[in-house]
Amino acid sequence: MVAPPDNDVLFARSLRHSYRGSPALLGVTVGVRRGEILGVVGPRGSGKTTLLRCLSGQITPDEGEVWFDAAPVHTMPEAARDQLRRERFGWVGSEPQLLPELTAWENAALPLLMRGVRSRAARGQAQEWLERLDIGAAARKHPGALLQAERQRVAVARALVGVPAVVFADDPAAPLHHADRAQVLRTLASAARSHGMTVVLTGTDPDTARFTDRALTLRDGHAGTPAPLRDPEPTDPTPANA
Ligand SMILES: Nc1ncnc2c1ncn2[C@@H]1O[C@H](COP(=O)(O)OP(=O)(O)OP(=O)(O)O)[C@@H](O)[C@H]1O
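Residues numbered from 1 in each chain as written. Predicted model: local features only at pLDDT ≥ 70, side-chain atom pairs only at ≥ 80, totals over all residues. Heavy atoms only, no water.

Looking at an unreviewed UniProt entry, the protein carries the name ATP-binding cassette domain-containing protein, with the source organism given as Actinacidiphila epipremni.

Novice: Would you take a moment to explain helix H6 (residues 178-195) for this structure?
Specialist: Counting along an α-helix, one turn takes 3.6 residues, and residues three or four places apart therefore face a common direction. Over its 18 residues, H6 runs 27 Å from end to end, which matches the ideal 26 Å to within 8%, given 1.5 Å per residue. All of the buried residues along H6 are Arg 181, Ala 182, Val 184, Leu 185, Thr 187, Leu 188, Ala 189, Ser 190, Ala 191 and Ala 192. Looking at the buried positions of H6, the neighbouring elements they touch are strand S3 (37-41), helix H4 (119-132), helix H5 (148-160), strand S7 (166-170), strand S8 (198-203) and helix H7 (206-210). (Helix = DSSP H or I, 4+ residues; strand = E, 2+ residues; numbered from the N terminus. Expected span 1.5 Å × (residues − 1). Buried < 20%, exposed > 50% of the residue type's maximum accessible area, 1.4 Å probe, protein only. Contact = heavy atoms within 4.5 Å.)

Novice: Looking at this structure, how should I read the layout of surface pockets?
Specialist: Unfilled space is identified by rolling a water-sized probe across the atoms. Each pocket or cavity is described by its volume, and for the largest pocket that value is around 740 Å³. Residue lining of the largest pocket: 27 residues in total, with Arg 85, Phe 89, Gly 90, Trp 91 and Arg 158 positioned closest to the centre. Elements with a contribution of two residues or more to the lining of the largest pocket: helix H2 (78-88), strand S6 (89-92), helix H3 (104-114), H5 and S7. Among the residues making up the lining of the largest pocket, the classes are represented as eleven nonpolar, eight polar and eight charged. Reported here for the second largest pocket is a volume of approximately 270 Å³. Lining the second largest pocket we find 14 residues, and of these Arg 44, Gly 45, Lys 48, Thr 49 and Asp 170 sit closest to its centre. Take the lining of the second largest pocket: its biggest share by element is three residues, from helix H1 (residues 48-55). Across the lining of the second largest pocket, the residue classes tally to two nonpolar, eight polar and four charged. (1 Å grid on protein atoms, 1.4 Å probe; cavity = no way out; pocket = protein on both sides within 12 Å on 5 of 7 lines; lining within 4 Å. Points joined across faces, edges and corners; volume = space filled by probe spheres on them. Nonpolar A, V, L, I, M, F, W, Y, C, P; charged D, E, K, R; others polar.)

Novice: Could you clarify how one ought to interpret the site of the ligand in this entry?
Specialist: Within the structure, the ligand sits among Tyr 19, Arg 20, Ala 24, Pro 43, Arg 44, Gly 45, Ser 46, Gly 47, Lys 48, Thr 49 and Thr 50. Separating an oxygen atom of the ligand from a backbone N or O atom of Gly 45 is a distance of 2.8 Å. A distance of 2.7 Å separates an oxygen atom of the ligand from a polar atom in the side chain of Lys 48. When isolated, the ligand has an accessible area of 630 Å², and the protein chains bury 63% of it. Among the elements that make up the shell around the ligand, the one with the highest residue count is H1 (three residues). Split into classes, the residues belonging to the shell around the ligand amount to three nonpolar, five polar and three charged. (Near = heavy atom within 4 Å. Polar contact = N/O pair within 3.5 Å; in protein donor to acceptor, adjacent residues only side chain to side chain. Areas by Shrake-Rupley, 256 points an atom, 1.4 Å probe, with all protein chains shown as cover.)

Novice: Would you explain the sheet that holds strand S1 (residues 8-19) in this entry?
Specialist: By way of backbone hydrogen bonds, the strands of a sheet pair with one another, either parallel or antiparallel. Strand order across the open sheet formed by four strands is S2-S1-S4-S5, with antiparallel pairing between neighbours. Bordering the open sheet on either side are strand S2 (22-33) and strand S5 (71-72), each of which pairs with just one other strand. Taken together, the nine bridges between S1 and S2 define a ladder with antiparallel strand orientation. Directly across from Asp 8, in S2, lies its bridge partner Arg 33. Seen against the sheet, H1 touches S1, S2 and strand S4 (63-68) and runs at an angle of roughly 125 degrees to S1. (Pairing = 2+ DSSP bridges. Axes fitted to C-alpha atoms, helices over the stretch in contact; angles between N-to-C directions.)

See below:
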């Protein structure tokens, strides 16, 4: 095993993964620089989710290496990978997946509560992120009383609340109306910039690439060379108070 380049917070080398013999990744190598927003774009079924699941330690690739901060994730025992995901990574998928018995703020605060942050402090931080995502007024509602687009904003708040080193956002705008997509992606991007979080963001529509520094294109499990975007949309540079 050769350690990854120093300026990459995440690095994957020659990843291959199949589901019951059906290939999803066919030798993907990619580095993610500290503090950057890397887009992973490609058509449906091209392997975007599988790549994020490998990078975040949710699954171990059949072949290849994943490094986070010079630690080999692909050889970590499951408990260590669980801890890494809990303490250093945030995740938001294309479905909100909130706990129905908890309120919006409790769902958003979960990463903090699981780390032992006191309820009052966790609630305050969750509330700030919910407000930043324009959902502060719903903090005491349960997911069942929220629209799908509102639940997704809560899920984004939950991914950001712990200020993780890396946020994996797997098509987070998917359940949103077109008008809401840019606003949520812009909030995600500006939060990452203001807090120095690295983001790996997948998506199928052009909205995604507008908010990234570079984009890696996947097609049938193969990756192109990550390309810098000429005119990424500027994000709000104002530091958040969260
Ligand atoms: N759990 C699974 N079991 C079996 N096959 C799977 C599983 N997950 C993904 N696949 C298959 O692996 C390939 C890559 O899927 P993946 O979800 O990684 O792509 P994607 O680019 O994220 O697609 P989408 O945009 O639809 O989410 C596809 O052919 C898909 O059908």
